[in-house]
Amino acid sequence: MAAPALAPVLVVCPAVVKGAWAAEAARWRPDLIVTILSGRGAFRWPQAGEMVVVNYDILPPEKFLAEPAQGTVLVADEAHALKSSKAQRTRRWRAMAARVARHGGRVYLLTGTPMLNRPPELWNVLRAAGLECDAFGSWYRFMALFGARKGKFGIVWGRPVPAVPALLQRVMLARRRIEVLPDLPIKTYRT
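Structure report, in brief. Every chain's residues receive numbers from 1 upward, in the order its sequence appears when written. Reporting of local features is limited, given that this is a predicted model, to residues whose pLDDT is at least 70; pairs of side-chain atoms are given and counted only at 80 or more, and all residues count toward the totals for whole chains, interfaces and linings. Excluding hydrogens and water, the side-chain figures rest on all heavy atoms present in the structure.

1. A word on the nonpolar core
- Here the nonpolar core consists of buried residues drawn from Ala, Val, Leu, Ile, Met, Phe, Trp, Tyr and Cys, with membership extended through side-chain atoms lying within 4.5 Å. In this scheme, a residue with accessible area under 20% of its type's maximum is buried, one over 50% is exposed, and one in between is partly exposed, where area comes from a 1.4 Å probe on protein chains only. Counting residues in hydrophobic clusters, the biggest one holds 22 residues, and the most contacted among them are Leu10, Val12, Val54, Trp93 and Met96.
- We count a stretch as a helix when DSSP gives it H or I for four or more residues in a row; a strand needs E for two or more, and each element gets its number in order from the N terminus. Looking at this core, the elements with two or more residues in it are β1 (9-13), β3 (50-55), β4 (73-77) and α2 (88-102).
- Looking at this core element by element, the count peaks at five residues for α2.
- Contact criterion: two residues are considered in contact whenever any of their non-hydrogen atoms come within 4.5 Å of each other. Those residues in contact with Met96 that lie beyond four places of it in its chain are Leu10, Val12, Phe43, Trp45, Leu59, Leu65 and Leu74.
- The next biggest cluster of nonpolar side chains, apart from the first, holds 13 residues, and it includes Ala135, Met143, Phe146 and Leu167.

2. Focus: the pairing of strand β5 (residues 106-110)
- At least two bridges found by DSSP between two strands is the condition for calling them paired. Taken together, the five bridges between β4 and β5 define a ladder with parallel strand orientation. Counterpart to Leu74 in the pairing with β5 is Val107.
- For a crossover, the right-handed case is the one in which the path from the first strand over the helix to the second runs clockwise, viewed with the strands pointing away from the viewer. Of the crossover connections in this fold, the one passing from β4 over α2 to the parallel β5 is right-handed.

Okay, structure coming up:
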């Protein structure tokens, strides 16, 4: 809904939810023409008024990446998939995000799991949209805020300081089920 009228929109998501994105776009943004791309070599940037939905596996290498249209909106669904700075998908995503930013576009990350196991994963997810410094300033400040210290086998992470949630609120919108889907019943557990 946040995409401006006639903006080209590129959604990158796991393959299993591409159809859901198309269905929801038809429901909430019928003004957008939705195209789902599949298969290696199928990648292309969207045109004005079009939403292209692709999965992470078909993102092209940077050397084959054309320039996006002015004002392109780039969305990463399940953005925690970008947690590894060495992963090919993360490097390709960052190249795309940088090009979108240079052409006056917007980059959005969607995830319910911004950090899976270690604080550097949070740093990498934020870095995927160029938000890491807006939230924490620098890598060294991030390390200090998360109680990092040099250990025998590398960095040992401690507990985050109480200021970390407020710093994250500068770049992150967190919403709870009750705010988004108040009619959805609470989670039930059964043994």
